[in-house]
Amino acid sequence: MRKQRSEKKNEGITRREFLKDVGLAVGGATVGYIGILSACSVGTEQPKTATNNVPNTATTPVITPVTTPVTTPPVTKVVEPTNPPAAVDLELFNPAGNQEITQFFAPRLSTLEGKTVAFLACDSVKWQPHRIFPVIMDELKKLYPTIKFLPMDQFPESTTISDDATIKIVAEKKPDAVITGSAG
Amino acid sequence: MVVFEQSLFLVGSNLTPVSQRIGEFVNFLTKWQPLTKTKGVVVSEKPKVSGKDYSDAQQNFQNLFLKKNWGDGLFMAMPSKDRVDWVLTGTDRNRDEPVVGNGKITPKGGILTMEVLATNLAMAGGRPEYLPVLEAYFKQNTGESSTSSGSCHGLIVNGPIAKQIRMARKFGLLGPDPNHPANGAIGRAIRLVFMNVGGCVAGLGTIAQFGEARHVGIVIAEDEDNLPKGWDPFNTEYYGVIKGTNTVTVINPSSIRSFTHRGNGDEPSPAIEAIEGLRRGANTFKQVSYRTAPPSMVAMNAFMLYSSFTCGVLADIFQTKKFVKDTLASFCFAPIDEFQDATEFLRLLESQKKSTKDFPARTQLIPNPQQSIMLICAGGDHPSRGMCIPASRATKTVEITLPKSWDDLLAQAVKDLGPLPEEY
């Protein structure tokens with residue numbers, strides 16, 4: 001019995017890709033086909049031979065082997081079909097559900113020169129934004145001397161940074177970009 | 001997103017990598033482009049499987065779905081048309097209707113329709129009569145936290161439906177039990193929805209460190225038939241629901257802990273035995289939070305599960321649930337030397353211009369036992385053990401909507417599974 005199996009490449013995504021595209025489609029379900037083929041080949045039967053060995057003496061006749069001919073049926077070569085129908089073929093329901101894209105990410109800036117960048121923290125100390133954000137600000141300032149910042153203490157922190165009320169505060173202050181962190 | 005090693009986010013970490021990778025921050029603000037360029041609904045395709053026979057197709061389905069991260073690692077039932085259509089007989093709603101609102105389950109935002117819900121219940125090995133419970137659950141919970149705490153999902157069912165659909169309420173409450181298969185299938189389906197529709201797959205959409213009890217969560221039903229006289233069911237006590245109403249209350253457990261309730265058996269009196277049992281129970285859920293000064297257990301509610309046997313004993317001694325809860329709360333205290341050196345507590349004192357001298361030698365941690373401690377009558381009728389679900393909260397309770405064919409579904413269950421099991 002021989003089996004042939006074909007399947008599409010696994011379309012799993014890395015955590016980085018998933019996190020970048022949360023809220024966006026991550027491709028639809030991939031339809032994977034797995035076909036299994038089986039085939040048997042028929043071979044030719046061999047002639048049967050009978051022997052009876054007896055020691056050779058002056059009084060003992062020599063018995064020679066006798067071959068009994070066997071009629072061989074005609075052989076039909078079997079050609080394996082390339083895609084034989086499977087006994088079971090099922091379409092299943094997709095457990096992941098559809099996804100709806102309602103909003104795009106904000107367009108990117110052409111430069112950070114003269115722009116205002118706000119910083120939002122989900123916790124002001126736990127994952128070290130009080131140390132990390134100043135480093136980011138210093139480095140950006142070196143690259144873009146006219147960049148301005150709105151530090152994290154101007155906004156609510158903790159899980160409320162994704163609340164409508166916080167978004168309203170951010171919008172009122174009109175930064176050109178927002179950096180949020182640090183994920184826990 | 002600029003991703004760094006965990007060590008960068010700890011106290012005293014070396015922040016050089018942030019400086020070295022500032023270019024990535026600039027890139028994400030100025031050059032990065034998302035993959036998706038169009039708005040609208042992205043329709044998921046229906047997967048197909050084949051096999052030389054049904055068993056072969058079943059294995060191929062299992063392999064395919066696991067590769068797609070659609071599953072919990074255990075063997076699943078194929079969500080074929082026949083099976084999903086059968087499960088959908090558990091509702092009168094339109095199969096394409098979102099379960100609630102826009103149907104989106106966070107964090108991924110997949111849309112949960114009645115058909116998708118039935119698909120996941122089918123995969124979990126569920127029956128149509130479980131679907132109304134799931135519908136009520138997702139009407140009030142459209143996602144879960146994907147943080148490191150990783151609490152499992154949970155719910156409490158009240159009302160006659162629990163017995164009708166064969167939910168465990170006594171021995172083997174948390175399963176598994178072939179005579180009470182509903183709890184496991186319901187819990188499993190919820191988890192599949194959070195993973196398949198919501199994207200909460202370990203390492204991809206959730207960083208739950210341990211993912212405790214997540215295969216089937218904590219799905220329980222109250223043993224209402226055996227509540228002590230004068231004790232209301234949980235949904236009546238907390239939400240004012242008329243006794244006998246079928247409801248689902250979503251809970252957010254952080255863990256589950258068993259404790260020994262009964263003592264040695266040579267206590268001076270039943271009352272002392274009971275009091276000491278409550279002390280042992282209180283020790284199980286006591287947790288000191290330093291986010292307030294004095295410390296408290298505010299927002300650290302606990303569910304205490306006692307069998308109807310133990311509830312009866314407690315009712316004989318304490319009469320009311322209120323007295324039981326007050327007694328439990330009295331054992332939740334923190335002596336000052338337990339927290340007077342805690343960094344968080346000292347910072348709070350400094351901000352409030354107070355000192356440890358302003359606090360008593362012993363601080364009671366639960367200011368409102370009636371709200372913070374939730375007594376549930378459930379578990380095997382035996383005096384030895386109790387169960388605590390600490391640091392949890394209940395949100396609201398939702399009444400379960402039954403389909404018109406409810407009696408037919410129950411009759412079919414009797415044909416398939418036999419008469420309702422004996423209660424033990």
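Right, let's walk through the structure included here. Model, not experiment: these values are computed from the prediction. (Residues numbered from 1 in each chain as written. Chains lettered and ligands numbered in written order. Predicted model: local features only at pLDDT ≥ 70, side-chain atom pairs only at ≥ 80, totals over all residues. Heavy atoms only, no water.)

**Some details on the overall build of chain B**
Then, number 1: Of the regular secondary structure elements, chain B holds 15 helices and 14 strands.
Then, number 2: If you line up chain B on its principal axes, its C-alpha atoms span 70 × 70 × 35 Å.
Then, number 3: For chain B, the residues scored as buried account for 53% of the 424 residues in total.
Then, number 4: In chain B, 77% of the contacts between residues at least 6 apart in sequence involve partners at least 24 apart.
Then, number 5: Side chains of chain B give 45 positive and 42 negative charges; the mean places of these two sets differ by 6 Å. (Helix = DSSP H or I, 4+ residues; strand = E, 2+ residues; numbered from the N terminus. Buried < 20%, exposed > 50% of the residue type's maximum accessible area, 1.4 Å probe, protein only. Contact = heavy atoms within 4.5 Å. Lys, Arg positive; Asp, Glu negative; His and termini not counted. Charge placed at Lys NZ, Arg CZ, Asp CG, Glu CD.)

**Here's the deal with the overall build of chain A**
Then, number 1: Of the regular secondary structure elements, chain A holds 3 helices and 7 strands.
Then, number 2: Put simply, chain A runs from its N terminus to its C terminus through helices and strands in the order α-β-β-β-β-β-α-β-α-β.
Then, number 3: Each of the 184 residues in chain A was classed as buried or not, and the buried ones make up 27%.
Then, number 4: Sequence separation of at least 24 residues holds for 74% of the intrachain contacts in chain A that already meet a minimum separation of 6.
Then, number 5: Here chain A displays about 12,500 Å² of accessible surface, and carbon together with sulfur accounts for 55% of that area. (Areas by Shrake-Rupley, 256 points an atom, 1.4 Å probe, with all protein chains shown as cover.)

**Topic: unusual backbone geometry**
Then, number 1: Each neighbour pair has its own omega, and for G181 of chain A with S182 of chain A the value is -15°, a cis peptide bond.
Then, number 2: Mapped onto the elements of the fold, S182 of chain A is located in the segment after β7 (177–181).
Then, number 3: With a phi angle near 65°, N69 of chain B is a residue other than glycine that sits in the positive phi range.
Then, number 4: Since its relative accessible area comes to 30%, N69 of chain B is described here as partly exposed.
Then, number 5: Located in the positive-phi region is R166 of chain B, a residue other than glycine, with phi close to 70°.
Then, number 6: By secondary structure assignment, the location of R166 of chain B is in the loop between α7 (161–164) and α8 (182–196).
Then, number 7: With a relative accessible area of 5%, R166 of chain B lands in the buried category.

**Quick word on the nonpolar core**
All names here are of chain B.
Then, number 1: Counting residues in each nonpolar core, the largest one holds 61 residues, and the members touching the most others are L112, V133, F138, L155, V157, I165 and I186.
Then, number 2: With 9 residues, the single largest contributor to this core is α8.
Then, number 3: Apart from residues no more than four positions distant in its own chain, V133 is found in contact with L155, V157, I161, I165, I186, V248 and I400.
Then, number 4: Core analysis: the next-biggest nonpolar cluster, separate from the first, contains 34 residues, W231, F259, C311 and I366 among them. (Core = buried A, V, L, I, M, F, W, Y, C linked by side-chain atoms within 4.5 Å.)

**Some details on the interface of chain B and chain A**
Then, number 1: Across the boundary between the two partners, chain B contributes 74 residues, which contact 61 residues of chain A.
Then, number 2: Across the chain B to chain A interface the summed buried area is about 6,700 Å²; carbon plus sulfur atoms make up 63%.
Then, number 3: Here chain B and chain A share 1 salt bridge between them.
Then, number 4: The shortest N-O distance in the salt bridge between K104 of chain B and E100 of chain A comes to 3.7 Å.
Then, number 5: The interface formed by chain B and chain A includes 19 residue pairs in polar contact (both at pLDDT 80 or more). (Buried area = accessible area lost by both parts, 1.4 Å probe. Salt bridge = Lys/Arg side-chain N within 4 Å of Asp/Glu carboxyl O. Polar contact = N/O pair within 3.5 Å; in protein donor to acceptor, adjacent residues only side chain to side chain.)

**What to know about the packing of aromatic side chains**
Residue and element names in this part refer to chain B.
Then, number 1: For the coordinates displayed, the defined rule picks out 18 aromatic pairs over all chains.
Then, number 2: Residues F234 and Y239 carry aromatic rings whose centres are separated by 6.0 Å and whose planes lie at 85° to one another, so their mutual orientation is edge-to-face.
Then, number 3: Taking the relative accessible area as the measure of exposure, F234 reaches 0% and is therefore buried.
Then, number 4: A centroid spacing of 6.4 Å and a plane angle of 50° characterise the contact between Y238 and Y239, whose relative ring orientation is tilted. (Phe/Tyr/Trp six-rings, centres within 6.5 Å; stacked < 30°, edge-to-face > 60°.)

**Some details on the environment of V398 of chain B**
Then, number 1: Considering the arrangement of structural elements, one finds V398 of chain B in strand β14 (residues 394–399).
Then, number 2: Residues within four places of V398 of chain B in sequence aside, it is in contact with A136, K139, Q140, N246, T247 and V248 of chain B.

**Topic: the sheet that holds strand β6 (residues 218–221) of chain B**
Residues and elements named next belong to chain B.
Then, number 1: Read from one edge to the other, the open sheet built from 4 strands follows the order β6-β5-β7-β14, with strand pairing classed as mixed. Two strands in the sheet have a free side with no partner beyond their single neighbour: β6 and β14. On average, adjacent strands in this sheet sit at an angle of 20° to one another, irrespective of strand direction.
Then, number 2: Looking at chain direction, strand β7 (residues 247–251) and β14 are connected through 4 bridges and run antiparallel. When the bridges of β14 are listed, I251 appears paired with A394.
Then, number 3: Across the sheet, α8 touches β5 (154–158) and β6, and the angle it forms with β6 is around 140°. (Pairing = 2+ DSSP bridges. Axes fitted to C-alpha atoms, helices over the stretch in contact; angles between N-to-C directions.)

**Regarding the packing of helix α10 (residues 270–285) of chain B against helix α11 (residues 308–318) of chain B**
Residue and element names in this part refer to chain B.
Then, number 1: Orientation of α10 relative to α11, taken along the N-to-C sense of each, is 115°, at an axis distance of 10 Å. Regarding α10 and α11, the two cross each other, and that crossing is left-handed. Contacts between α10 and α11 involve P270, A271, A274, I275 and L278 from the first element and L314, I317 and F318 from the second.
Then, number 2: Class assignment for the residues of the contact of α10 with α11 results in 8 nonpolar, no polar and no charged. (Left-handed = near helix turned anticlockwise from the far one by under 90°. Nonpolar A, V, L, I, M, F, W, Y, C, P; charged D, E, K, R; others polar.)

Nothing here speaks to function; it is geometry throughout.
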